[in-house]
Amino acid sequence: MPSHTFVLNGQQVTVDVEDDVRLLWVLRDILGVTGPKYGCGLGVCQACTSHVNGRAVNICCVPVSDVQPTDEVTTIEGLPATVGQELHPMQQAWLDMDVPQCGYCQPGQIMAAVAMVLQARAAGQQLGDADFDQIRNICRCGTYHRIREAILSAQTKF
Ligand code: FES
Ligand code: FES
């Protein structure tokens, strides 16, 4: 069986798995990292959103063979370490604003939010209300309003 190596939450990992297995299942079923959630498996719901080299990616659509040894995959479990804190400021804002309801979509929402803030910052911008239309992560509980408030409050804190 082919071997695949990449960096997961700061640590190099190697898995023996067929090339076409999606990264979401490698993380969840083989490596036991269950923060990224399964919703559709089609790149639609965004529940699996994680970072690959700092960009938000729907890892349900990424065959493990596409991941290179130097690629850095970050899930919600590894997010605090990216800022050297116990909780990333975006996670703290989520708590402060009492964002989650059932919670299922929330890891993906937070990872998408952090990537969005960093992308805007790289372009010398801050996010405003109009930018939130770009968020495609589905929340069946309808927590969108609190998500926006949390992002607005956290975006200058990391
Ligand atoms: S599980 Fe729905 S986009 Fe990945
Ligand atoms: S909090 Fe329930 S799906 Fe988003």
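Residues numbered from 1 in each chain as written. Chains lettered and ligands numbered in written order. Predicted model: local features only at pLDDT ≥ 70, side-chain atom pairs only at ≥ 80, totals over all residues. Heavy atoms only, no water.

Engineer: Teacher, can you tell me more about the domain arrangement of the protein here?
Structural biologist: Note: interface size is frequently given as the accessible area lost on complex formation between the parts. Taken domain by domain, the protein holds domain 1 (3-76) and domain 2 (81-154). Spacing between the C-alpha centres of domain 1 and domain 2 amounts to 20 Å. Between domain 1 and domain 2, the residue contacts involve 16 residues of the former and 14 residues of the latter. A combined buried area of about 1200 Å² lies between domain 1 and domain 2, and 66% of that area is made up of carbon and sulfur atoms. Linking domain 1 with domain 2 are 0 salt bridges. Within the residue set of the side of domain 1 that touches domain 2, elements represented by two or more residues are strand 3 (49-52) and strand 4 (55-58). (Domains from an automatic or database assignment. Contact = heavy atoms within 4.5 Å. Buried area = accessible area lost by both parts, 1.4 Å probe. Salt bridge = Lys/Arg side-chain N within 4 Å of Asp/Glu carboxyl O. Helix = DSSP H or I, 4+ residues; strand = E, 2+ residues; numbered from the N terminus.)

Engineer: Can you help me understand the sheet that holds strand 3 in this one?
Structural biologist: Sheet strands associate in pairs through backbone hydrogen bonding, adopting either a parallel or an antiparallel arrangement. In spatial order, the strands read 2-1-5-3-4; together these 5 strands make up an open sheet with mixed pairing. The sheet terminates laterally at strand 2 (11-16) and strand 4, the two strands that pair on one side only. In this sheet, adjacent strand axes meet at a mean angle of 40° when their direction is disregarded. Sheet topology note: the strand 3/strand 5 (residues 72-74) ladder contains 2 bridges and is antiparallel. Within the sheet, the bridge partner assigned to Val-52 lies in strand 5 and is Val-73. Across the face of the sheet, helix 1 (residues 23-30) comes into contact with strand 1 (3-8), strand 2 and strand 5 while running at roughly 80° to strand 1. (Pairing = 2+ DSSP bridges. Axes fitted to C-alpha atoms, helices over the stretch in contact; angles between N-to-C directions.)

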